[in-house]
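# Survey of secondary and tertiary structure
Residue strings, one per chain:
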Amino acid sequence: MSVERHIAGSLQQIARQQAVVEIAPQGSTSKAAALAYVVEQYGYTYGLAYRTGFKNSLVQVRMYRDPQPDARVREAATITAHPRAGNGGTVPGLEQGSLKPLPEAVGAVAVLKDLITFDVMALYVADRSQKVKSYLACTVLTLLMLIDRSPIEAVASGGAVALLITAAFKVGAIRRGKITQRLTNAGFHAVRDEHGGRRFLRPGQQLPDHTNPFAG
């Protein structure tokens, strides 16, 4: 999908005054962050992100209409400054015809990318039960390989897979830790959602619900 169609699709949802705007660019969290920034300028705020679609190729971002008064001021200013956005005109914070952020938007887009990446990585962060299942699978693999391989080959193969899994868990934890530090430094605070997952919110923000998303 072209940049123009991505932007136009988001703005069409905004024009209908939807309480929730869904963004789903192909693959890249950078693209998702850039589009999320544009939607924020129209009075919305970041909600959550996750991977979906065939082989998890889509980064789905959910933006909620911000009930705060300054969001309506932001929305009005954006509409005035970019009257032809989505129809070949300028788009807030992005270079013309591109999802590359302008200098003044780079910092905000980077924060959104961290929020999106943190949420998306939740799919690959292992808790205790996931680790047990993964290492159990390695054990089963080793036992199956004993059927037609020597014990040394079977144990070596199973051990290699277990080592790769351990490394993946470690790298994911380190990366998420760095994102946590950056978001904390940016003033966000960590909370637990209804499923026990870790989320980051701006000061004064609450987790969204069905009646008053992100009420202060």
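What counts as what
- Residues numbered from 1 in each chain as written.
- Predicted model: local features only at pLDDT ≥ 70, side-chain atom pairs only at ≥ 80, totals over all residues.
- Heavy atoms only, no water.
- Core = buried A, V, L, I, M, F, W, Y, C linked by side-chain atoms within 4.5 Å.
- Buried < 20%, exposed > 50% of the residue type's maximum accessible area, 1.4 Å probe, protein only.
- Helix = DSSP H or I, 4+ residues; strand = E, 2+ residues; numbered from the N terminus.
- Contact = heavy atoms within 4.5 Å.
- Axes fitted to C-alpha atoms, helices over the stretch in contact; angles between N-to-C directions.
- Left-handed = near helix turned anticlockwise from the far one by under 90°.
- Nonpolar A, V, L, I, M, F, W, Y, C, P; charged D, E, K, R; others polar.
- Salt bridge = Lys/Arg side-chain N within 4 Å of Asp/Glu carboxyl O.
- Pairing = 2+ DSSP bridges.
- Expected span 1.5 Å × (residues − 1).
- Arc of directions from axis to C-beta.

## Brief notes about the nonpolar core
Counting 36 residues, the largest nonpolar core has Ile23, Tyr46, Val61, Met63 and Ile116 as its most contacted members. Within the residue set of this core, elements represented by two or more residues are α1 (3–15), β1 (20–23), α2 (29–40), β2 (44–52), β3 (58–65), α4 (106–121) and α6 (151–185). Considering every element that reaches this core, the biggest residue donor is α2, with eight residues. Those residues in contact with Ile116, other than ones at most four positions away along the chain, are Thr29, Ala32, Ala33, Tyr46, Ala49, Val59 and Val61.

## A short note on the packing of α1 against α2
Direction vectors running N to C along α1 and α2 enclose 35°, while the axes themselves pass 10 Å from each other. As for how α1 packs across α2, the hand of that crossing is right-handed. Side by side, α1 and α2 meet where His6, Ile7, Ser10, Leu11 and Ile14 of the first sit next to Leu35, Val38 and Val39 of the second. The residue inventory of the contact of α1 with α2, partitioned by class, reads six nonpolar, two polar and no charged.

## Concerning the pattern of salt bridges
Enumeration over the complete set of coordinates arrives at six salt bridges. When the shortest N-O distance is used, the salt bridge between Glu22 and Arg62 registers 2.7 Å. Of this pair, Glu22 sits in strand β1 while Arg62 sits in strand β3, and the two are 40 residues apart along the sequence. For Arg62, a relative accessible area of 22% gives the class partly exposed. Here Asp119 ties to Arg199 by a salt bridge, and the two come within 3.6 Å at their closest N and O atoms. Taken as a pair, Asp119 in helix α4 and Arg199 in strand β5 (residues 198–201) lie far apart in primary sequence, 80 residues in all. A single network of salt bridges, built from pairs that share partners, joins Arg65, Arg72 and Glu75.

## Details of the pairing of β5
Sheet topology note: the strand β4 (residues 189–192)/β5 ladder contains four bridges and is antiparallel. Among the inter-strand pairings, Ala190 is bridged to a residue of β5, identified as Phe200. Between the antiparallel neighbours β4 and β5 lie five residues, among them Gly196 with a positive phi of about 85°.

## Concerning helix α3 (residues 69–81)
Under the 1.5 Å per step criterion, the end-to-end length of α3 is 19 Å for 13 residues, consistent within 8% with the ideal 18 Å. Among all positions of α3, only Ala71, Glu75 and Thr78 are buried. An end-on view of α3 places all buried positions within 70° of arc, on one side of the element. Turned more than 90 degrees from where α3 packs its buried face, Pro69, Val73 and Thr80 sit exposed.

## Examining the pairing of β3
Within β3, six of the eight residues are buried, which leaves it mostly tucked inside the rest of the structure. Strand direction decides the pairing type here: β1 and β3, joined by four bridges, are antiparallel. Directly across from Ile23, in β3, lies its bridge partner Val61.

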